[in-house]
Amino acid sequence: MGLRAAAWAMALGLVGAAPPPDGWGVTPLPDPRQEAAARRLMHELRCLTCQNQSIAESNAPQAETMRALVRERIRAGRSPEDVRAELIERYGDWVSFRPPPRPDTWLLWAMPVVALGLGAVVVRRLLR
Amino acid sequence: MTVSRILPLVLLAALATFLGLNLGRPQQATVRSAMVGKPAPAFALPGLAGEPGLRQADLATGRPVLVNLFASWCLPCRVEAPQLAALRRAGVVIHGIALRDRPEDVAAFLARHGNPFGRIGLDADGRVAVGFGSSGVPETFLIDGQGIIRAQHIGEIRPEDVPKILKELRRWG
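Residues numbered from 1 in each chain as written. Chains lettered and ligands numbered in written order. Predicted model: local features only at pLDDT ≥ 70, side-chain atom pairs only at ≥ 80, totals over all residues.

### Section: the overall build of chain B
Phase 1 of the analysis: In terms of helices and strands, chain B carries 6 helices and 7 strands.
Phase 2 of the analysis: Listing the helices and strands of chain B from first to last along the sequence gives α-β-β-β-α-α-β-α-β-α-β-β-α.
Phase 3 of the analysis: For 173 residues, the compact-globule formula gives about 16 Å, and the C-alpha radius of gyration of chain B, at 22 Å, lies well above that figure.
Phase 4 of the analysis: Projected onto its principal axes, the C-alpha positions of chain B cover 85 × 35 × 30 Å.
Phase 5 of the analysis: When each of the 173 residues of chain B is scored for burial, the buried share is 36%.
Phase 6 of the analysis: Within chain B, contacts between residues at least 6 apart in sequence are counted, and of these 75% link residues at least 24 apart. (Helix = DSSP H or I, 4+ residues; strand = E, 2+ residues; numbered from the N terminus. Rg over C-alpha atoms; globule rule 2.2 N^0.38 Å. Buried ≥ 20, exposed ≤ 12 C-beta atoms within 10 Å, placed from the backbone. Contact = placed C-beta atoms within 7 Å.)

Encoded structure:
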């Protein structure tokens, strides 16, 4: 590409549209706010080949594919929760480290409050 | 010693036993695709040189087909090659999706282990595998005549799996 053609491509936004040479699996997004949002989400998504790591931490090829998917969607203006929902649709709740708030998960979410309440009862009885 | 003194100790012992037993056990659950029961994802993959590739429309043809995710770098994929050949001989249509592979390596793999596939798509970046809810290779999906994913087989197809897969195909055909 000649210099003039490159300038035109840049002016038309074509350069920004092309994926980076190494792919979005390893290249951060140019917009730091989008990159921060993408990273937050990556830390909450499970790598399917090395299950107890997040896709942000894993070197597995599948984690790279999923990071690229997350960055592309965020770059296109989709919300992190939207991207999480897309992956849950494919892999089920297990892909997300954050359990969804749903009628069948209320006990899980209520557990810290319940445990704190029980602790308070025990402490009160001990102090009496 | 009263019951209220012993109870915490009993609970602690129960917790320690539970943790001790579970921490020693490697935890690697199989993640099944949540796409079973849903239509196959929309995709269009390029094929090997001079061949047509694979797209979503190839899967909804009025009769059930198998989609096998494989790779030349995948050892269990070699193990299941004779079983795929047996299914092919039984008249089953099998399409292949080669995961993160180079066309020349795929061609060499097929030359060596046989080519049971009707069509082959090259999923170079692994995105279509994610679309299927796949977590690795080899995996095989059963797609019914309307293009709905009906079953997922994780890992290599062993000789004893062949009759089960044929039965499942008859169920959806």
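### Overview of the nonpolar core
Phase 1 of the analysis: Counting 56 residues, the largest nonpolar core has V70 of chain A together with I97, A98 and I143 of chain B as the members making the most contacts within it.
Phase 2 of the analysis: Considering every element that reaches this core, the biggest residue donor is helix α4 (residues 61-75) of chain A, with 6 residues.
Phase 3 of the analysis: Beyond its immediate stretch of four places on either side in the chain, V70 of chain A contacts A38, L41, M42 and V83 of chain A. (Core = buried A, V, L, I, M, F, W, Y, C linked by C-beta atoms within 7 Å.)

### Points about the confidence of the model for chain B
Phase 1 of the analysis: The predicted model of chain B averages 94 in pLDDT, with 98% of residues at 70 or higher.
Phase 2 of the analysis: In the predicted complex, the global pTM is 0.82; the interface-specific ipTM is 0.82. (pLDDT = per-residue confidence, 0-100.)

### Some details on the sheet that holds strand β4 (residues 94-99) of chain B
All names here are of chain B.
Phase 1 of the analysis: If you walk across this open sheet you meet the 5 strands as β5-β4-β3-β6-β7, and the pairing is mixed. With one partner strand each, in any of the chains shown, β5 (120-123) and β7 (149-154) form the two edges of the open sheet. Taken over all neighbouring pairs, the strand axes of this sheet differ in orientation by 20° on average, direction set aside.
Phase 2 of the analysis: Looking at chain direction, β4 and β5 are connected through 4 bridges and run parallel. Each bridged residue has a counterpart across the sheet, and for G96 the counterpart in β5 is I120.
Phase 3 of the analysis: The strands that helix α6 (residues 161-172) touches are β6 (139-143) and β7; relative to β7, the one it contacts most, it runs at about 170°. (Pairing = 2+ DSSP bridges. Axes fitted to C-alpha atoms, helices over the stretch in contact; angles between N-to-C directions.)

### Structural notes on the packing of helix α3 (residues 81-89) of chain B against α6 of chain B
Residue and element names in this part refer to chain B.
Phase 1 of the analysis: Following both chains from N to C, one finds α3 and α6 inclined at 40°, their axes separated by 10 Å at the closest point. As judged from the angle between their axes, α3 and α6 are oblique. The two elements α3 and α6 cross, and the hand of that crossing is right-handed. For the pair α3 and α6, contact is made by Q83, A86 and L87 and by D161, V162 and I165, respectively.
Phase 2 of the analysis: Partitioned by chemical class, the residues of the contact of α3 with α6 number 4 nonpolar, 1 polar and 1 charged. (Parallel < 35°, antiparallel > 145°, perpendicular 65-115°, else oblique. Left-handed = near helix turned anticlockwise from the far one by under 90°. Nonpolar A, V, L, I, M, F, W, Y, C, P; charged D, E, K, R; others polar.)

### Considering the interface of chain B and chain A
Phase 1 of the analysis: Each side of the interface is counted separately: chain B has 15 residues, and chain A has 15 residues.
Phase 2 of the analysis: Here the residues of the side of chain B that touches chain A sort into 5 nonpolar, 7 polar and 3 charged.

### What about the environment of V128 of chain B?
Residue and element names in this part refer to chain B.
Phase 1 of the analysis: By the element assignment, V128 lies in helix α5 (residues 127-131).
Phase 2 of the analysis: Counting along the chain gives 85 residues from V128 to F43, while the straight-line C-alpha distance between them is 6.8 Å.
Phase 3 of the analysis: Not counting residues up to four positions away in its chain, the partners in contact with V128 are F43, L45, I97 and D123.

### Observations concerning the pairing of β5 of chain B
Consecutive residues of a regular strand have side chains that alternate between opposite faces of the sheet.
Phase 1 of the analysis: Here β5 of chain B shows no split at all, with I120 and L122 of chain B on one side and G121 and D123 of chain B on the other all buried.
Phase 2 of the analysis: At this point the chain moves from β4 of chain B, through helix α4 (residues 103-113) of chain B, to the parallel β5 of chain B, and the crossover so formed is right-handed. (Right-handed = clockwise from strand over helix to strand, strands pointing away.)

### Focus: the packing of helix α3 (residues 32-42) of chain A against helix α5 (residues 80-91) of chain A
All names here are of chain A.
Phase 1 of the analysis: Two elements in contact, α3 and α5, have axes separated by 10 Å at closest approach and are oriented at 35°. Crossing of α3 over α5 shows right-handed handedness. Residues A37, R40 and L41 of α3 lie in contact with α5, whose contacting residues are P80, V83 and R84.
Phase 2 of the analysis: Taken together, the residues that form the contact of α3 with α5 break down as 4 nonpolar, no polar and 2 charged.

### Focus: the pairing of β6 of chain B
Residues and elements named next belong to chain B.
Phase 1 of the analysis: Of all 5 residues that make up β6, 5 are buried, and the element is covered over most of its length.
Phase 2 of the analysis: Burial along β6 is two-sided: E139, F141 and I143 facing one way and T140 and L142 facing the other are all buried.
Phase 3 of the analysis: Bridge count between strand β3 (residues 65-70) and β6: 5 bridges; the pairing is antiparallel. Across the sheet, V67 pairs through a bridge with F141, a residue of β6.

### Some words on α3 of chain B
Residue and element names in this part refer to chain B.
Phase 1 of the analysis: Three or more residues of α3 are buried, namely A81, L84 and L87. Projected onto a plane normal to the axis of α3, the buried residues spread over an arc of 120° and lie on a single side.
Phase 2 of the analysis: Elements in contact with the buried residues of α3: β3, α2 (75-79), β4, α4 and α6. (Arc of directions from axis to C-beta.)

### Examining the confidence of the model for chain A
Phase 1 of the analysis: Taken residue by residue, chain A gives an average pLDDT of 86. The fraction at 70 or more is 85%.
Phase 2 of the analysis: Within chain A, helix α2 (residues 14-17) of chain A has the poorest average pLDDT of any element, 50, and α3 of chain A the best, 96.

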